[in-house]
Amino acid sequence: MITRVDDYLHRVPLSGSVAEQVGPFTLFRSTTVWPYYARPVPGSGVKIEPADIELVRARCAELEIPLSFEWVVETCPSLGDAAAAAGLNVVQHPLLVLERADFRPVTADARCEILSADEEVVRQARAVAGLAFSEPGTGIGKAGPAERDAAAAAMSADTVLALQSRVLRGVAVTAGAFTDDGMVASGTHQPVDSTTEIVGVGTLPSMRRRGLAAAVTSALVEHALDNGVDLVLLSAESDAVAAVYERVGFHRIGHAGAAE
């Protein structure tokens, strides 16, 4: 299972990047408006050393792109220590999966639906996610519908076009939750063959503690399972956030590592 997850995570960036080998890593050079990262080659079994990190640092400096790494901790346990020794900030997050038999649909007092590539819809969904991650955690926060509308209006045209392209190409499927205040939660899944990852699930901070994130996740899982996917994965910001996904049927299989 964890090998399949690792293989998927090595393929999914290719929808927006070009892959280049740098030492024991694949560096994904972005072809869109957001940066990607380097990952250890799945199944290589290589012990990562600080010198390997420096190879990627030098290449990123040459390309003038940010230096960052993502990996599955259990398949490359040496990377975290090597990255820390090279001066990077290293974090680990719970890594969870769901198979069809695990799925427990969840609803909330909101309308959840798969979203179109309409410009205003794309702006709203991205704005909700951005505000959610700018106030991390599960506690009720300040940002609400007014801040969402302002962030949506201020979003660059390049970002909107890049997001629309992903929807139209079928490499990203986004769901939203709606109340009388409009879109209040959103999230996305990214299918590659029969595996997908749920990313960017967030609720407007002022609307938290209503089960909206779980309901959006449930809608995404249902769409994925109805469209040829039999394994869904995600990484959670914290144990508290992981508990939201466990309501839908996800269970932990390891840890997702990140360093920058």
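For the structure, check the block above.
Residues numbered from 1 in each chain as written. Predicted model: local features only at pLDDT ≥ 70, side-chain atom pairs only at ≥ 80, totals over all residues. Heavy atoms only, no water.

> Please explain the overall build of the protein as it appears in this structure.
Scanning the protein for helices and strands turns up 8 helices and 11 strands. On C-alpha atoms alone, the protein measures out to a radius of gyration of 18 Å, which is about the 18 Å that the 2.2 N^0.38 rule sets for 260 residues. Taken along its principal axes, the extent of the C-alpha atoms in the protein is 55 × 40 × 35 Å. Buried residues in the protein amount to 48% of all 260 residues. Sequence separation of at least 24 residues holds for 73% of the intrachain contacts in the protein that already meet a minimum separation of 6. (Helix = DSSP H or I, 4+ residues; strand = E, 2+ residues; numbered from the N terminus. Rg over C-alpha atoms; globule rule 2.2 N^0.38 Å. Buried < 20%, exposed > 50% of the residue type's maximum accessible area, 1.4 Å probe, protein only. Contact = heavy atoms within 4.5 Å.)

> Which parts of the structure should I look at to understand the nonpolar core?
Side chains that are nonpolar tend, in soluble globular proteins, to be buried together. Leu98, Ile198, Val221, Val232, Tyr245, Val248 and Phe250 are the most contacted members of the largest nonpolar core, which totals 36 residues. Among the secondary structure elements, those contributing two or more residues to this core are β5 (90-99), α4 (119-134), β7 (173-179), β8 (182-192), β9 (195-203), α7 (212-225), β10 (231-235) and α8 (239-246). At 8 residues, the largest contribution of residues to this core is made by α7. Discounting residues that sit within four places of it in the chain, tyrosine 245 has contacts with Val201, Thr217, Leu234, Ala236 and Phe250. Within the second largest apolar cluster, 19 residues are counted, among which are Leu67, Val73, Cys76 and Leu88. (Core = buried A, V, L, I, M, F, W, Y, C linked by side-chain atoms within 4.5 Å.)

> So what exactly am I meant to see when it comes to unusual backbone geometry here?
Trans is the common state for peptide bonds, and a negative phi is the common state for residues other than glycine. The phi torsion at aspartate 193 lies on the positive side, around 55°, for a residue other than glycine. Residue position: aspartate 193 is located in the loop between β8 and β9. You can call aspartate 193 exposed: its relative accessible area is 60%. For arginine 209, which is not a glycine, the phi torsion comes out positive at approximately 70°.

> For this particular structure, what's the right way to read the pattern of salt bridges?
Any two side chains of opposite charge can pair if their charged atoms end up close together. Taken as a whole and assessed by the stated rule, the structure comprises 12 salt bridges. A salt bridge links glutamate 54 to arginine 57, with the nearest nitrogen and oxygen atoms 2.9 Å apart. Of the two residues, glutamate 54 and arginine 57 both sit in helix α2 (residues 50-63), 3 residues apart, roughly one turn of that helix. By relative accessible area, arginine 57 is classed as partly exposed at 30%. The partner of glutamate 113 in a salt bridge is arginine 111, and the shortest N-O contact between them spans 2.8 Å. A residue is classified by how much of its surface remains accessible, and arginine 111, at 45% relative accessible area, is partly exposed. Salt bridges linked by common partners bring Glu20, Arg29, Arg59 and Glu62 together as one network. (Salt bridge = Lys/Arg side-chain N within 4 Å of Asp/Glu carboxyl O.)

> Whenever I open this one, α8 confuses me. Can you help?
The periodicity of an α-helix, 3.6 residues per turn, causes residues three or four positions apart to be oriented the same way. Those residues of α8 that sit buried are Val241, Ala242 and Tyr245. Buried residues of α8, viewed axially, fall in a sector of 105°; they line one side. Contact partners of the buried residues in α8: β5, β9, α7, β10 and β11 (251-259). (Arc of directions from axis to C-beta.)

> Is there a simple way to think about empty space enclosed by the protein in this case?
Unoccupied space between atoms shows up once a probe the size of one water molecule is rolled over them. Counted under the stated rule, the structure contains 2 cavities of 30 Å³ or more. Within this model, the largest cavity holds a volume of roughly 60 Å³. Residue classes in the lining of the largest cavity are distributed as 5 nonpolar, 4 polar and 1 charged. Quantified by volume, the second largest cavity comes out at close to 50 Å³. Lining the second largest cavity, in full, are Leu27, Phe28, Ser30, Pro35, Tyr36, Tyr37, Cys60, Ile65 and Pro66. Broken down by element, the lining of the second largest cavity gets its largest block of residues, 3 residues, from strand β2 (residues 25-30). Taken together, the residues of the lining of the second largest cavity sort by class into 8 nonpolar, 1 polar and no charged. (1 Å grid on protein atoms, 1.4 Å probe; cavity = no way out; pocket = protein on both sides within 12 Å on 5 of 7 lines; lining within 4 Å. Points joined across faces, edges and corners; volume = space filled by probe spheres on them. Nonpolar A, V, L, I, M, F, W, Y, C, P; charged D, E, K, R; others polar.)

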